[in-house]
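Per-entry structural report
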Amino acid sequence: MTNIGLIGAGMIANIHAETANRIGTTVAAVHDPRIENAESFGSLHGCDVCDSVELLLERDDIDGVVIAVPNDLHAELAMAALNAGKHVLLEKPMAMSLAQCDDILEARNSSGKVLQMGFVCRYSPAALKAKQIIERGEIGDVLHVHATLLRQRGIPGLGGWFTTKSRSGGGCLIDIGVHLIDLGMHITSKKSPSRVHGKCSQAFTAETYSYEEMWSTPVEGGTFDVEDRVRSLVTDRSGTTFQLEVSWATHLPESSMKDGLLIEGTTGSLVVDLWSDELQKGFADNGVPKTETVQIAVRDAWEDAFDGEHQAFAEAIASGELADGAGTGEDGRLVQTVVEAIYASDKQQEEITLQ
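Here goes a summary of the coordinates provided. This structure is a prediction, so every number in the text was calculated from the model and none was measured.

**A word on the overall build of the chain**
Counting its secondary structure elements, the chain contains 10 helices and 15 strands. The globule rule puts the C-alpha radius of gyration for 355 residues at 20 Å, and the 20 Å found for the chain is close to it. When each of the 355 residues of the chain is scored for burial, the buried share is 55%. Within the chain, contacts between residues separated by at least 24 positions form 73% of all contacts whose residues are at least 6 apart in sequence. Carbon and sulfur atoms make up 47% of the accessible area of the chain, which amounts to about 15400 Å² in all.

Right, here's the structure in full:
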C-alpha cells in the first residue's frame with residue numbers, strides 16, 4: 001500500500017486525492033496554511049491535517065508527497081520534500097525560473113528520491129495511442145505539430161495568484177500552455193528546441209471578463225498583469241515545427257477548436273482530441289487520400305489520465321525509479337526553457353535562439 005501526503009488543499013489537490021483513492025493509494029495527511037481548507041479536505045478524504053509542512057514531512061508513514069500549491073512555492077516545497085527523503089509528484093510548472101529548476105534537480109540528485117512532473121496530459125488515452133502510432137512509424141517522420149488549448153471563459157481566479165505575475169510567473173502559457181509544450185515534444189520524441197518565436201497578449205480585463213466556473217473564484221480588486229492568450233512557433237533542431245495556440249479566454253464559439261494536436265508526418269497525419277475515445281489518421285493509398293478512425297479504450301478520459309499519472313507515481317515509489325513515459329525533472333526544465341524563450345521573444349519582439 002502506497003501512502004502519500006498532499007501539500008495544498010485546493011481544487012487540484014482534491015482531484016489528486018480522488019485519483020489516489022481510485023487507484024488504491026492512501027492519502028495519509030494534508031497541509032494547507034488555510035486551515036479551513038485543510039480541515040474540509042481532511043474531512044472529505046479521511047486523512048490527517050498537519051499544522052505545518054515540517055510535521056507532514058516528518059511522518060514515517062508517508063512515502064511520497066504531491067505538491068499542489070501556487071507556482072512561487074513549487075521550488076521551496078519540492079526541495080524540502082526531497083531533502084526530507086520523500087518522493088515527489090510536482091504539479092506543473094516545475095518552477096518560476098530555470099535557476100529554480102536546477103535547484104530542484106540538485107535536491108533530487110542529492111536525495112536519491114524520485115521527482116515526477118505533473119504532466120497529466122501524457123496519460124490521456126488519445127495521447128497514449130498517438131504516441132504508439134508515431135513510434136510504430138505509421139505516419140513517418142513528424143514534420144509539424146499544431147497544438148491548441150483554447151478556453152472560452154477559463155481565467156482561473158482572476159485577481160488572485162493565478163493572474164499575479166510575481167506569484168505565478170505568467171498567465172495561460174505557464175498555467176496550461178506547459179501541458180501542450182510538454183505533450184508535443186513527448187509524443188514526437190523531438191526534444192531539442194532551437195528557435196522560438198512567441199506573441200503574448202491580454203485581450204480581457206476585469207471589467208470585460210465574465211466569470212464562469214473555473215479552478216478558483218475571482219478576487220475583486222485584485223491583480224491581472226499576465227497574458228490571457230499566446231501564439232508561438234517553436235522549431236526543433238531536427239526541423240520539426242510546433243505551433244502553439246493557448247488562451248484562458250476567447251470570443252471563439254465554445255469547442256470550435258478541440259484541446260489537442262494536429263500532427264503531420266511524411267507519410268500520414270493524426271488528429272488528436274485529448275479527451276475523445278477516438279482519433280483520426282490520415283494517409284495515402286496509391287496516392288489517394290484516406291482517413292481512418294482509430295478507436296481508443298476509454299472509461300473517462302479525464303480520470304483515466306490522472307489515474308495513469310498516479311499509477312506511475314505509485315510504481316516509482318515502489319521501485320525507486322520513474323517508468324518510461326513519466327515526466328522527469330529534466331522534462332520540466334526543458335518546458336521551462338521554452339516558456340522563458342516565448343516570454344523573451346514577446347518582450348524583445350524577435351525570434352529567440354536556444355543553445
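**Remarks on the sheet that holds strand E12 (residues 268-273)**
If you trace the 9 strands from one edge of the open sheet to the other, you get E14-E13-E12-E11-E7-E10-E9-E8-E15, paired in mixed fashion. Because the sheet does not close on itself, it has two edges, and the strands there are strand E14 (288-295) and strand E15 (352-353). The sheet contact formed by strand E13 (residues 278-285) and E14 spans 8 bridges and is antiparallel. Directly across from Phe283, in E14, lies its bridge partner Lys290. Against the sheet, helix H6 (residues 125-135) touches strand E7 (142-150), strand E11 (260-265), E12, E13 and E14, its axis set at about 170 degrees to E12. The sheet contacts of helix H10 (residues 329-348) involve strand E8 (193-201), strand E9 (229-236), strand E10 (241-247) and E15, and relative to E8 the element is tilted by about 55 degrees.

**With respect to the side chain of Ser345**
Note that Ser345 resides in helix H10. Those residues in contact with Ser345 that lie beyond four places of it in its chain are Val196, His197, Gly198, Glu350, Glu351 and Ile352.

What counts as what
- Residues numbered from 1 in each chain as written.
- Predicted model: local features only at pLDDT ≥ 70, side-chain atom pairs only at ≥ 80, totals over all residues.
- Heavy atoms only, no water.
- Helix = DSSP H or I, 4+ residues; strand = E, 2+ residues; numbered from the N terminus.
- Rg over C-alpha atoms; globule rule 2.2 N^0.38 Å.
- Buried < 20%, exposed > 50% of the residue type's maximum accessible area, 1.4 Å probe, protein only.
- Contact = heavy atoms within 4.5 Å.
- Areas by Shrake-Rupley, 256 points an atom, 1.4 Å probe, with all protein chains shown as cover.
- Pairing = 2+ DSSP bridges.
- Axes fitted to C-alpha atoms, helices over the stretch in contact; angles between N-to-C directions.

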